[in-house]
Structures are given as C-alpha cells and as structure tokens.
Amino acid sequence: MFNDIGPLELVTLIVLAVLVFGPDKLPKFIQDVTRTLRKIREFSDNAKHDIRSELGPEFKDFEFEDLNPKAFLRKQLDNDELGLKDIRSTFDLKREMAELTDSVNGHDTASALPGPTSSAPTSAPAPGGRVDMTKKPEAPKDDRPPFDADAT
C-alpha cells in the first residue's frame, strides 16, 4: 500500500503526527487505527466466506480478484486455448510501423526492410520527400476545349 513512500517522507509523516496529536495521544490513536483496520479486514473476510458458501461448490475456485477487469483479461489471455501466443510471436509491431511510415513518406519499403512487404503501390515522392497538398493535381493535357453545356 505504501510502497512509494521514501524514508524522508516517512519521517515527515511521523513528525506531523506527533505535532498534530501530541506525544501523549499518539499511542492511543495508533491503537484505534489498527483496531479499525483489523475490524474492516475481518468484516471483508467474513463477507467473502459468506458469498463463497452461498455460491455453492461450482464456484469453489472463485477469486474476487477475478472481478477486476484487468485481472480477468490477464488470466484469460494467459490461457493459450485461442493460440494468442502464436499470433503475438508472428506480429512485429516495429516492422509494421516502419512499413507504414515509409509508405506515408513515399519511400520504397521493399528495399528498406527484409521480410514480407505490402503490395500497395507507392507514388513517386516529391522533391525533398514531401507531398505538397496545396497544389492541385495536374490534369492530363487535352487538345479539346472544355465542354460548356450552357453555351449550346
């Protein structure tokens, strides 16, 4: 619970407690706090025991920590019935991100990275490797004048 409290912070808390409660009331306050924590823990254990006894023998291995979504997902994903470990081992996130970055920048990914590459065509990069989005794409040159439907 207090794993991230350093020695200086602990000394500061003790000095603060002595100043707030005084040296004569501090031992009684500590006893009251520990007694309250013990009662809360006992109440929690009794509630867990009652719930397990009410659920029946089907839920003998039920743990309340499984109700936490993170713990439940971690427990289910560690089970290799779905073959997720094989999927994780074949998926290379760094390579995928490098291919995506190269395709966005217009570089050729086949020469840059070994392994399977995407078959998506890449466009020729503009000078400097950047695409100017403010310019309109050039229309193909045509000898005919544009057609105006209202003129005829």
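All of these numbers come straight from a predicted model, not from anything done at the bench.

Parameters at a glance
- Residues numbered from 1 in each chain as written.
- Predicted model: local features only at pLDDT ≥ 70, side-chain atom pairs only at ≥ 80, totals over all residues.
- Heavy atoms only, no water.
- Helix = DSSP H or I, 4+ residues; strand = E, 2+ residues; numbered from the N terminus.
- Buried < 20%, exposed > 50% of the residue type's maximum accessible area, 1.4 Å probe, protein only.
- Contact = heavy atoms within 4.5 Å.
- Areas by Shrake-Rupley, 256 points an atom, 1.4 Å probe, with all protein chains shown as cover.
- Salt bridge = Lys/Arg side-chain N within 4 Å of Asp/Glu carboxyl O.
- 1 Å grid on protein atoms, 1.4 Å probe; cavity = no way out; pocket = protein on both sides within 12 Å on 5 of 7 lines; lining within 4 Å.
- Points joined across faces, edges and corners; volume = space filled by probe spheres on them.
- Nonpolar A, V, L, I, M, F, W, Y, C, P; charged D, E, K, R; others polar.
- Polar contact = N/O pair within 3.5 Å; in protein donor to acceptor, adjacent residues only side chain to side chain.
- Patch = residues over 30% accessible without salt bridge, like charges linked within 9 Å, V, L, I, M, F, W, Y side chains within 5 Å.
- pLDDT = per-residue confidence, 0-100.
- Expected span 1.5 Å × (residues − 1).
- Bend = angle between axes of the 7 residues up to and from the residue.

1. Quick look at the overall build of the protein chain
Part 1 of the reasoning: Helix and strand content of the protein chain: five helices and zero strands.
Part 2 of the reasoning: When the helices and strands of the protein chain are listed from N to C terminus, the series reads α-α-α-α-α.
Part 3 of the reasoning: Sorting the 152 residues of the protein chain into buried and exposed places 7% on the buried side.
Part 4 of the reasoning: When contacts within the protein chain are restricted to residue pairs at least 6 apart in sequence, those whose partners lie at least 24 apart make up 3%.
Part 5 of the reasoning: Entry remark: accessible area of the protein chain is about 14200 Å², with carbon and sulfur atoms responsible for 61%.

2. A word on the pattern of salt bridges
Part 1 of the reasoning: If you walk through the whole model with that rule in mind, you get four salt bridges.
Part 2 of the reasoning: Taking the shortest distance from any N to any O, the salt bridge between Arg-95 and Glu-96 comes out at 3.7 Å.
Part 3 of the reasoning: Take Arg-95: its relative accessible area is 18%, and that puts it in the buried class.
Part 4 of the reasoning: For Glu-96, a relative accessible area of 31% puts it in the partly exposed group.
Part 5 of the reasoning: By sharing partners, the salt bridges in this structure join Lys-28, Asp-32 and Arg-35 into a single network.

3. Looking at the layout of surface pockets
Part 1 of the reasoning: Approximately 210 Å³ is the volume attributed to the largest pocket.
Part 2 of the reasoning: In terms of residue class, the lining of the largest pocket is built from nine nonpolar, one polar and no charged.

4. Focus on the environment of Ser-53
Part 1 of the reasoning: Within the fold, Ser-53 resides in helix H1 (residues 7-55).
Part 2 of the reasoning: Judged by relative accessible area, Ser-53 falls into the partly exposed class, the value being 47%.
Part 3 of the reasoning: Within polar-contact distance, the side chain of Ser-53 engages the backbone oxygen of Asp-50 at 2.8 Å.

5. Notes on a nonpolar patch on the surface
Part 1 of the reasoning: A surface patch of nonpolar side chains, amounting to about 1000 Å² of accessible area, comprises Val-11, Val-15, Leu-16, Leu-19, Val-20, Phe-21, Phe-29, Ile-30, Val-33, Leu-37 and Ile-40.
Part 2 of the reasoning: With respect to the secondary-structure elements, Leu-16 resides in helix H1.
Part 3 of the reasoning: Residue classification places Leu-16 among the partly exposed residues on the basis of a relative accessible area of 46%.

6. Structural notes on the confidence of the model for the protein chain
It should be kept in mind that the predicted coordinates are not to be read in detail where pLDDT is low.
Part 1 of the reasoning: Across the protein chain, pLDDT averages 76, with 72% of residues at or above 70.
Part 2 of the reasoning: In the predicted structure, residues 115-123 sits below a pLDDT of 50 and forms eight contacts with residues beyond four places in sequence or in another chain.

7. Thoughts on H1
Part 1 of the reasoning: Taking 1.5 Å of rise per residue, the 49 residues of H1 would be expected to cover 72 Å, yet its terminal C-alpha atoms sit only 45 Å apart, more than 12% below that figure.
Part 2 of the reasoning: Taking the largest bend as the criterion, H1 deviates by roughly 100°, centred on Gly-22, and proline Pro-23 comes between one and four positions later.
Part 3 of the reasoning: With its phi angle positive at about 100°, Gly-56 sits one or two positions after the end of H1.

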